[in-house]
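Chains, contacts and geometry: an overview
Residues per chain are reported as follows:
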Amino acid sequence: MVTEAARARHRSDSSRDARRATRNRKELLGATSMAAASHDVQSLLTSPDRDFLVRNNGDQVKVASLKGKKIGLYFSASWCGPCQRFTPTLVEVYNELSPKGDLEIIFISADEDEEAFSGYFSKMPWLAIPYSDSEKRDSLDELFEVRGIPHLVILDGTGTVSTDSGVEIVREYGVGGHPFTPERIKELKEQEEAAKRNQSLTSLLVRESRDFIVTSDGKKVPVTELEGKTGIEISSLERKEPRFQYQTW
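Keep in mind that what you see is a predicted model, and the values were worked out from it rather than measured.

A few words now on the pairing of strand S4 (residues 103-109). Across the 7 residues that make up S4, a large majority, 7, are buried. Taking every second residue as pointing to the same face, both faces of S4 are buried, with Leu 103, Ile 105, Phe 107 and Ser 109 on one and Glu 104, Ile 106 and Ile 108 on the other. The sheet contact formed by strand S3 (residues 70-76) and S4 spans 7 bridges and is parallel. Residue pairing for S4: Tyr 74 is matched across the bridge by Phe 107. Taken together, S4, helix H4 (residues 114-121) and strand S5 (residues 127-128) form a β-α-β motif whose crossover is right-handed.

Structure, rendered in structure tokens:
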């Protein structure tokens, strides 16, 4: 079972991690803080009397079926506020990448009882270590030196740790961070630096899901129509779902 000390540590460290998130983001994205250890996925995720994982509908999935896939080990709990905020983001990323068939996420719960686990797990489309296997959940927690949650460790198809900064990568890049390798993160950071050096309205305002800005009266204006114009003033009114005002003179 998860001990009171372990739960207290998770709560304390999760709160502290949330406060440090912005300060540490660049450092965390720069390189994985965990050595590139390699693991045998079969022995990593099974127990002497269990060779399967579970879905939230009760279905069992053999661990052997994950061979060759990238695996995200998601350490989380229903009582953790940062986890509750991050899980929907991870669900979106997972649902978009799932059709590729090369990624699976496994929930490793730090919940205090099975009812809390089941309620939280019902919101997740991926697999989980059964709540009843507390020994395995605790051993994974110790093996990957989990000091706060949410925590996401990405293993490549050979069981080698690609990064233990999966939460920060998903928050920063979403699906764009796939396949979550150090090489991909380096590429994304180089693209960011190049965009800063060669700033234009397009590089500043266009995203994969949006190539327009919105005027104060709700009209969508393609960013390409603004390129080359002078005296443009643009102000963001809302960061999560960008809406912009612009003026020209």
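This is not the end of the story, as more comes after the structure.
Right, let's get into helix H3 (residues 81-97). Taking 1.5 Å per residue as the helical rise, H3 with its 17 residues ought to reach 24 Å, and the 25 Å between its terminal C-alpha atoms agrees with that figure. In H3, a bend of some 25° at Thr 87 exceeds every other bend along the element, and Pro 88, a proline, comes one to four places later. Burial in H3 covers these residues: Pro 82, Cys 83, Phe 86, Thr 87, Leu 90, Val 91, Val 93, Tyr 94 and Leu 97.

A few words now on the nonpolar core. Of all hydrophobic cores here, the largest spans 53 residues; its most connected members are Leu 45, Leu 73, Tyr 74 and Phe 144. Sort the elements by how many residues they give to this core and H3 lands first, with 7 residues. Filtering out sequence-adjacent residues up to four positions away, Leu 73 remains in contact with Leu 44, Leu 45, Ile 106, Ile 108, Phe 144, His 151, Leu 152, Val 153 and Leu 155.

Moving on, we get to the side chain of Thr 87. Tracing the backbone shows Thr 87 in helix H3. With a relative accessible area of 4%, Thr 87 lands in the buried category. Only 2.7 Å separates the side chain of Thr 87 from the side chain of Tyr 74, close enough to count as a polar contact. Within the local environment of Thr 87, its side chain forms a polar contact with the side chain of Tyr 120, the two groups lying 2.6 Å apart.

Turning our eyes to something else, we now look at the packing of aromatic side chains. Counted according to the given criterion, the structure contains 9 aromatic pairs. Ring geometry for Tyr 74 against Phe 86: centres 5.9 Å apart, planes inclined by 55°, an arrangement best described as tilted. In this pair, Tyr 74 is assigned in strand S3 and Phe 86 in helix H3, connecting sequence segments 12 residues apart. When its relative accessible area of 2% is taken as the criterion, Phe 86 is described as buried. Between Arg 137 and the ring centre of Tyr 131, over which it is positioned, the NZ or CZ distance is 4.3 Å.

Summary statistics for the protein chain give a mean pLDDT of 80 and a share of 73% for residues scoring 70 or more. Under a pLDDT of 50 for its full length, residues 12-35 has, in the predicted model, 29 contacts with residues more than four places off or in other chains. Across residues 237-249, where pLDDT falls below 50, the model places 38 contacts with residues more than four positions away in sequence or in other chains.

What follows covers the environment of Val 93. Relative to the helices and strands, Val 93 is located in helix H3. For Val 93, a relative accessible area of 6% translates into the label buried. Setting aside residues no more than four positions away along its own chain, Val 93 makes contact with Val 170, Gly 174, Val 175 and Phe 180.

Each α-helix turn comprises 3.6 residues. Residues three or four places apart therefore point the same way. When helix H6 (residues 166-173) is considered as a whole, its buried residues turn out to be Gly 166, Val 167, Ile 169, Val 170 and Tyr 173. One side of H6 holds all its buried residues, which, seen down the axis, span an arc of 165°.

Of all 5 residues making up strand S6 (residues 151-155), 5 are buried, and the element is well covered by its neighbours. Taken together, the 2 bridges between S6 and strand S7 (residues 161-163) define a ladder with antiparallel strand orientation. What sits directly across from Ile 154, in S7, is Thr 163. Hairpin connection from S6 to S7: 5 residues lie between these consecutive antiparallel strands, with Gly 159 at a positive phi of about 90°.

Moving on, we come to the pattern of salt bridges. Opposite charge on two side chains makes pairing possible when the charged atoms of those side chains draw close. Throughout the structure, instances matching the rule amount to 4 salt bridges. Note that Lys 62 is salt-bridged to Asp 51, the shortest N-O span being 3.1 Å. With Lys 62 in strand S2 (residues 60-62) and Asp 51 in the loop between helix H2 (41-45) and strand S1 (52-54), the pair connects residues that are 11 residues apart, well separated along the chain. Put simply, Lys 70 and Asp 102 hold a salt bridge, and the shortest N to O gap is 2.8 Å. Of this pair, Lys 70 sits in strand S3 while Asp 102 sits in the loop between H3 and S4, and the two are 32 residues apart along the sequence. Overall, Lys 70 belongs to the buried group, its relative accessible area being 14%. When its relative accessible area of 23% is taken as the criterion, Asp 102 is described as partly exposed.

What counts as what
- Residues numbered from 1 in each chain as written.
- Predicted model: local features only at pLDDT ≥ 70, side-chain atom pairs only at ≥ 80, totals over all residues.
- Heavy atoms only, no water.
- Buried < 20%, exposed > 50% of the residue type's maximum accessible area, 1.4 Å probe, protein only.
- Helix = DSSP H or I, 4+ residues; strand = E, 2+ residues; numbered from the N terminus.
- Pairing = 2+ DSSP bridges.
- Right-handed = clockwise from strand over helix to strand, strands pointing away.
- Expected span 1.5 Å × (residues − 1).
- Bend = angle between axes of the 7 residues up to and from the residue.
- Core = buried A, V, L, I, M, F, W, Y, C linked by side-chain atoms within 4.5 Å.
- Contact = heavy atoms within 4.5 Å.
- Polar contact = N/O pair within 3.5 Å; in protein donor to acceptor, adjacent residues only side chain to side chain.
- Phe/Tyr/Trp six-rings, centres within 6.5 Å; stacked < 30°, edge-to-face > 60°.
- Lys NZ or Arg CZ within 6 Å of the ring centre and 35° of its normal.
- pLDDT = per-residue confidence, 0-100.
- Arc of directions from axis to C-beta.
- Salt bridge = Lys/Arg side-chain N within 4 Å of Asp/Glu carboxyl O.

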